[in-house]
Amino acid sequence: MPDAPDRQPPADGVAELRARHEALQQTATMPGADLRPLLDAALAELDGAIDALGSAQAQPAGTGPQERAAGSVHAERRLLHAVFQQVPVPLFVLGQDGTVRRANPAASALLGAARGYPTGKPFSALVEPSGRPAVRSLLAAAARSEQGRALDCQLLTARGRVSCALDVRPVSLRGGDDWLLVAARDAASAPPPEQAPPDPVVTVMTRRLDLATTASRLLLENVTFSESVTLQRCARLLSEALGAWVIVDIDRGGLLRRHFVTGPDKHESGPVAQTVAAVNPEPGSLPEAVRDSASTLLVTHAEDHYILGAGPDGVPLLALLGAGSVLCVPLAAGQQAHGVLTLARDPSRGYFSLADVGLVEEIAEQLALAMSVRHMLRARTETAEALQASLLPPVLRTVPGVEIASAHMAPTQGRAVGGDFYDVHPTPDGWGVAIGDVCGKGEDAASVTAVARHAIRVLAHWSADPAEVLHGANEIMLAEEFGSRFVTAAATHLSWSGRSLHAVLGSAGHPGPVLVRPDGRAQVLAGGGLPLGIFPDAEPVTHELELATGDVLFFCTDGLTDARSPDQAYFEGSLADGLSTLAGKPPADIVSGLRRLVLDFCAGVLADDVTMLVLRVGEPPDNQ
């Protein structure tokens, strides 16, 4: 090797020295920092500064570097290349800026990466984060002084942190540039031959299948849970399975907002998770970039500590998480983006591989599809619920001389929109009362309910005969071709005749009302007839009765009569007795009393909508 020429510090040498000095200081203040290598690095920086000052004072102005000898050294280089490739010691060739220019097969095997993977990366990016400042200073000192340097550190490999002894030597070739040769001796012992590790391909595929199956089961079993609960459970599943921090950011109104953070050890990671969860993604951060590009980004060795942004006190979130490898995946289904899923792994657990990328992308897609379906169903349910609310008027028309109360109870199992309806409307010579139930639930049932209710209301304006009204409604239902949907309905016409209220009751497959006398006698009136929307020649069943002051007509849907007790008994057998105990009470008290009775009877479990409509005859109006 030729004698080293005198060197003048580069113009930005002081700035580089200051940056390395600040990095060493910051690392020394971190909890658990190993001070011995930091002290060696600081002394190396001090030696370099002293040498640079002495050289600057001794060298006369205008003196330039000596010219290197020219000549062809192809044969030597071929020999060196062969030795470099075959030597069993991991070797890295670095440029003066610390970037890896070459890595022999032993070095790639140490990292657990394909050949050529380290090339082009800063060598410090291959080192666990807390040791990077010391390594950068070591490389700078070796390049500056042209003397060998040694340092113990930990390299980030596919199997986690690996303790290594680095031996850095400056190298100069005739007719070439100056290089740094880094030899890394693995301090970890290889497993005994009889304990051969399992096939990594089988291990990865088994883990991928198990985790994907668990995620699918989780999404299927939590259909009725909220989106927030589903996101948290999927995040915990990924965190436990991959040994990584998981950060969930959700798109809300065009802005990415932090939703949930969990760590591999949820008991010890609580305070850190709270700190990270309180910080929304910053513009220019990795989650923002992934959201904007809708593409996955994998940073195997994160050199930029601010890639996830900074915490409230300015500390990089990546350093706070103690992570060295980051995987960021969009939560998107087709063109619909919901947010970003970010995973950050501690160097001791190894860096993320392409197999991890495919696995997390698959789970993120499943989660995004589930979110899209939930959003769609929620929108449809809200539309149907608004439609149903219009079919269950909160305020009923008043009928002169008659007290009216109503109630609707949604089922306690599931969120499907029911098809019950009721109505009170004027007719040319009296008043009409209607109640009905559509077979089935959901948005389609609500639309059929609307047709039936409005058909009965319109037809009642032209006819006082409930049979004729129900017959016309049946023709409309058949013309609309609702398929298998049908409607049971009861239509009643009320008119005053002296001091009695004349009632004409019509039924189309609906449960008959209950007549309750003031003395407590209760009689279940006949219903019958065929439902609307099935047969064109279906004729409703009608009968008439006179109601006196204090009499009560109780209408309900089959959700009440079919309510079951824990021993599978029907409430229909208890309905008349329950109404007898409520005789003489106002309609509102009858409704609330029946509500309590049925809930006690079925132990709070309702499988269907329950609708009740109560009419109590009072004194006739003055004009009668």
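Just so it is clear, the structure is predicted and the values come from calculations on it, not from any experiment.

(A) Main features of the pattern of salt bridges. Applying the stated criterion to the full structure yields 15 salt bridges. Arg-258 is paired through a salt bridge with Asp-249; the nearest N and O atoms lie 2.7 Å apart. A residue is classified by how much of its surface remains accessible, and Arg-258, at 11% relative accessible area, is buried. Classification of Asp-249 as buried rests on a relative accessible area of 0%. Here Arg-457 ties to Asp-423 by a salt bridge, and the two come within 2.9 Å at their closest N and O atoms. Of the two residues, Arg-457 is situated in helix H12 (residues 443–460) and Asp-423 in strand S12 (residues 420–427); the sequence distance between them amounts to 34 residues. Since its relative accessible area comes to 21%, Arg-457 is described here as partly exposed. Here the residues in one salt-bridge network are Asp-251, Glu-288, Arg-291 and Asp-292, joined through shared partners.

(B) Structural view of the packing of aromatic side chains. Under the counting rule described, the total for this entry stands at three aromatic pairs. Ring centres of Phe-92 and Phe-123 lie 5.2 Å apart, and the angle between their planes is 70°; on these two criteria the pair is classed as edge-to-face. Highlighted residues: Phe-92 in strand S1 (residues 91–94) and Phe-123 in the loop between helix H4 (105–111) and helix H5 (132–145), separated in sequence by 31 residues. Summarising the aromatic geometry, the rings of Phe-571 and Phe-601 are spaced 5.3 Å apart at their centres and angled 65° between planes, so their arrangement reads as edge-to-face. Of the two residues, Phe-571 sits in the loop between helix H14 (558–561) and helix H15 (572–581) while Phe-601 sits in helix H16 (residues 587–601), which places them 30 residues apart along the sequence. The pair formed by Phe-571 and Phe-601 is uniform in burial state, with each residue classed as buried. One Lys or Arg, Lys-121, reaches over the ring of Tyr-117 and ends 4.0 Å from the middle of that ring.

Criteria and cut-off values
Residues numbered from 1 in each chain as written. Predicted model: local features only at pLDDT ≥ 70, side-chain atom pairs only at ≥ 80, totals over all residues. Heavy atoms only, no water. Salt bridge = Lys/Arg side-chain N within 4 Å of Asp/Glu carboxyl O. Buried < 20%, exposed > 50% of the residue type's maximum accessible area, 1.4 Å probe, protein only. Helix = DSSP H or I, 4+ residues; strand = E, 2+ residues; numbered from the N terminus. Phe/Tyr/Trp six-rings, centres within 6.5 Å; stacked < 30°, edge-to-face > 60°. Lys NZ or Arg CZ within 6 Å of the ring centre and 35° of its normal.

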